[in-house]
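# Observations on the three-dimensional arrangement
Chain by chain, the residues:
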Amino acid sequence: MDARLLDILVCPICKANLEYRKAELELVCRPCKLAFPVRDDIPIMLQEEARQLRADEE
């Protein structure tokens, strides 16, 4: 994933910075406890596509 894109992306819900988890291909918002998928290097920033983080993933 392009580092410049990661610098400007924020959570679409709360506007917090996102953490890129390369192994899982996800962008994580810690305040919202959501993980947004990245498919073919394209972040899917839709709330209905995000998954809720489990307590052990936070």
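In this report, the structure presented in the accompanying data block is examined. (Residues numbered from 1 in each chain as written. Predicted model: local features only at pLDDT ≥ 70, side-chain atom pairs only at ≥ 80, totals over all residues. Heavy atoms only, no water.)

### Observations regarding the pattern of salt bridges
For the coordinates displayed, the defined rule picks out 8 salt bridges. Where Arg51 meets Glu26, a salt bridge forms, and the shortest distance between an N and an O atom there is 2.7 Å. A residue pair is termed long-range when its members are at least 10 positions apart, and Arg51 in strand β5 (residues 51-52) and Glu26 in strand β2 (residues 26-29) qualify at 25 residues. Here Arg54 ties to Glu57 by a salt bridge, and the two come within 3.9 Å at their closest N and O atoms. What makes Glu57 buried here is its relative accessible area of 17%. Connected through salt bridges with shared partners, the residues Glu26, Arg51, Arg54, Asp56 and Glu57 form a single ionic network. (Salt bridge = Lys/Arg side-chain N within 4 Å of Asp/Glu carboxyl O. Helix = DSSP H or I, 4+ residues; strand = E, 2+ residues; numbered from the N terminus. Buried < 20%, exposed > 50% of the residue type's maximum accessible area, 1.4 Å probe, protein only.)

### As for the state of the cysteines
Such a bond, covalent and formed between the sulfur atoms of two cysteines, is termed a disulfide. For the structure shown, the criterion picks out 0 disulfides. Sulfur of Cys29: no disulfide; nearest cysteine sulfur belongs to Cys14 and is 3.6 Å away. Of the cysteine sulfurs around Cys32, a residue in no disulfide, the closest is that of Cys14, at 3.6 Å. (Disulfide = S-S within 2.5 Å.)

### Considering the side chain of Glu57
Topologically, Glu57 is positioned in the segment after β5. Within the structure, the side chain of Glu57 is placed 2.7 Å from the side chain of Arg51, a separation counted as a polar contact. Within the local environment of Glu57, its side chain forms a polar contact with the backbone nitrogen of Arg54, the two atoms lying 2.9 Å apart. (Polar contact = N/O pair within 3.5 Å; in protein donor to acceptor, adjacent residues only side chain to side chain.)

### Notes on the environment of Pro31
Assignment of secondary structure puts Pro31 in the loop between β2 and β3 (34-39). Along the sequence, Pro31 and Tyr20 sit 11 residues apart, while their C-alpha atoms lie 14 Å from each other. Once residues lying within four places of it in the same chain are set aside, the contact partners of Pro31 are Cys14 and Ala16. (Contact = heavy atoms within 4.5 Å.)

### What to know about the nonpolar core
Of all hydrophobic cores here, the largest spans 11 residues; its members are Leu9, Cys11, Ala16, Leu18, Leu27, Cys29, Leu34, Phe36, Val38, Met45 and Ala50. Counting only elements with at least two residues in this core, the list comes to β2 and β3. Of the residues forming this core, the biggest block, 3 residues, is contributed by β3. The contacts of Ala16, once residues within four sequence positions are left out, are Val10, Cys11, Cys29 and Pro31. (Core = buried A, V, L, I, M, F, W, Y, C linked by side-chain atoms within 4.5 Å.)

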